[in-house]
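# Observations on chain architecture
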Amino acid sequence: MEIKRLEPGKRMSEAVVYNHVAYLAGQIPEDTSKGPADQTRQVLAAIDSVLAKLGSDKSKLLSATVYLSNIGNFAAMNEAWDAWVSPGNPPARATVEARLASPDILVEIVVTAAV
């Protein structure tokens, strides 16, 4: 089977597709001056964009891992997530608190999806 890499770089690819499954790199917000709900919406829009480039969409999500810099932002993240997730098609999901690459990044999300 062929392995397809989307936007491969020196360190990582934006996504890798193998056997009709897309593995996306962690997505982070572009504008980190915003709060957790806004940052989550930015991340979800980035996920939509990458999935579209692969011919997939959020209704085909298989799993998601949400990393929060502060678990106290769980409700705000869920507010954005619940408005975004495809009705009837939620992925398996885990949410954890983690130190992220920069202190101003409040959320990072990694997903896998069928393509």
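The preceding data block contains the structure.
Fair warning: this is a prediction, and the values are worked out from it, not measured in the lab.

### A closer look at the sheet that holds strand β2 (residues 15-18)
- Strand order in this open sheet of 6 strands is β1-β2-β3-β6-β4-β5, and the pairing throughout is mixed. Strand pairing shows two members of the sheet lacking a second neighbour, β1 (3-6) and β5 (92-97), which therefore form its edges. Adjacent strand axes in the sheet meet at a mean angle of 15°, parallel and antiparallel pairs treated alike.
- In the packing of helix α1 (residues 36-53) onto the sheet, the strands contacted are β1, β2, β3 (21-24), β4 (61-68) and β6 (107-114), and the crossing angle to β6 comes to about 30°.

### A short note on the nonpolar core
- With 23 residues, the main nonpolar core has Leu-24, Ile-47, Leu-54, Trp-81 and Ile-109 as its most contacted residues.
- Those elements giving two or more residues to this core turn out to be β2, β3, α1, β4, α2 (74-84) and β6.
- At 5 residues, α1 tops the list of elements feeding residues into this core.
- With near-sequence residues (within four places) excluded, Leu-54 lies in contact with Lys-4, Leu-6, Ala-15, Val-17, Ala-22, Leu-24 and Val-115.

Rules behind the numbers
- Residues numbered from 1 in each chain as written.
- Predicted model: local features only at pLDDT ≥ 70, side-chain atom pairs only at ≥ 80, totals over all residues.
- Heavy atoms only, no water.
- Pairing = 2+ DSSP bridges.
- Helix = DSSP H or I, 4+ residues; strand = E, 2+ residues; numbered from the N terminus.
- Axes fitted to C-alpha atoms, helices over the stretch in contact; angles between N-to-C directions.
- Contact = heavy atoms within 4.5 Å.
- Core = buried A, V, L, I, M, F, W, Y, C linked by side-chain atoms within 4.5 Å.
- Buried < 20%, exposed > 50% of the residue type's maximum accessible area, 1.4 Å probe, protein only.

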